[in-house]
Amino acid sequence: MDLDPGKAIFTDEVTVRELQNLDLIKHSPGIFQELVTKAYEIRATVIDKKIFGVKIRSQDKEETKLDWRKASLDIEYEAIDLAKDLEEKILIFMKKFGLIYSSMDFIVTPDGRYIFLESNPGGQYMWAEAATGLPITAALADALTTNG
């Protein structure tokens, strides 16, 4: 991995050698996590109590296996219903943090486990709506007029 100062990088594997030179990221945040084998990824856009699930087929192409954003226009997306227990956990999370909107990212492992990556209360959703036809904007407008 090329770690030039001042350059943004996508998610990538980090070696011990690279970790020894953390001065390269001293002016920006670094997030490190264990490498998790993926079957696919999920973006859950949550608006009020509505959850819009999108399956991200990141493992279909070599260049998107670690970070689907590297070639986001070249992979397939599909609207999916999330497992009921995952939906319940998402809604509990939303309530505990007082959120009405969030974009949540998950990894689904080959054995079907869900690995939570993040909740972004200002995350993008238009790409998911464009790729799947999910009525996310309409749900957001409804939430703003109902809760606002």
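Residues numbered from 1 in each chain as written. Predicted model: local features only at pLDDT ≥ 70, side-chain atom pairs only at ≥ 80, totals over all residues. Heavy atoms only, no water.

Another point: the sheet that holds strand 3 (residues 77-80). Hydrogen bonds between backbone groups are what pair the strands of a sheet, and the pairing can be parallel or antiparallel. In space, the 5 strands of this open sheet follow the order 3-2-1-4-5, with antiparallel pairing throughout. Each having just a single partner strand, strand 3 and strand 5 (114-120) make up the two edges of the open sheet. The sheet shows a mean angle of 25° between the axes of neighbouring strands, taken without regard to direction. With 4 bridges connecting them, strand 2 (residues 50-56) and strand 3 associate as antiparallel partners. Following the sheet pairing, Gly-53 is matched in strand 3 by Ile-80. (Pairing = 2+ DSSP bridges. Helix = DSSP H or I, 4+ residues; strand = E, 2+ residues; numbered from the N terminus. Axes fitted to C-alpha atoms, helices over the stretch in contact; angles between N-to-C directions.)

Moving on, we get to helix 2 (residues 84-96). Spanning 13 residues, helix 2 covers 18 Å between terminal C-alpha atoms, matching the ideal 18 Å at 1.5 Å per step. Among the residues of helix 2, those classed as buried are Leu-86, Glu-87, Ile-90 and Met-94. Here the buried residues of helix 2 occupy an arc of 100° about the axis, which is enough to place them on one side. Away from the buried face of helix 2 by more than 90 degrees, exposed residues Lys-84, Glu-88, Lys-89, Lys-95 and Lys-96 are located. Next to the buried residues of helix 2 lie strand 1 (40-47), strand 2, strand 4 (101-108) and strand 5. In the stretch just after helix 2, Gly-98 is the one whose phi turns positive, near 65°. (Expected span 1.5 Å × (residues − 1). Buried < 20%, exposed > 50% of the residue type's maximum accessible area, 1.4 Å probe, protein only. Arc of directions from axis to C-beta. Contact = heavy atoms within 4.5 Å.)

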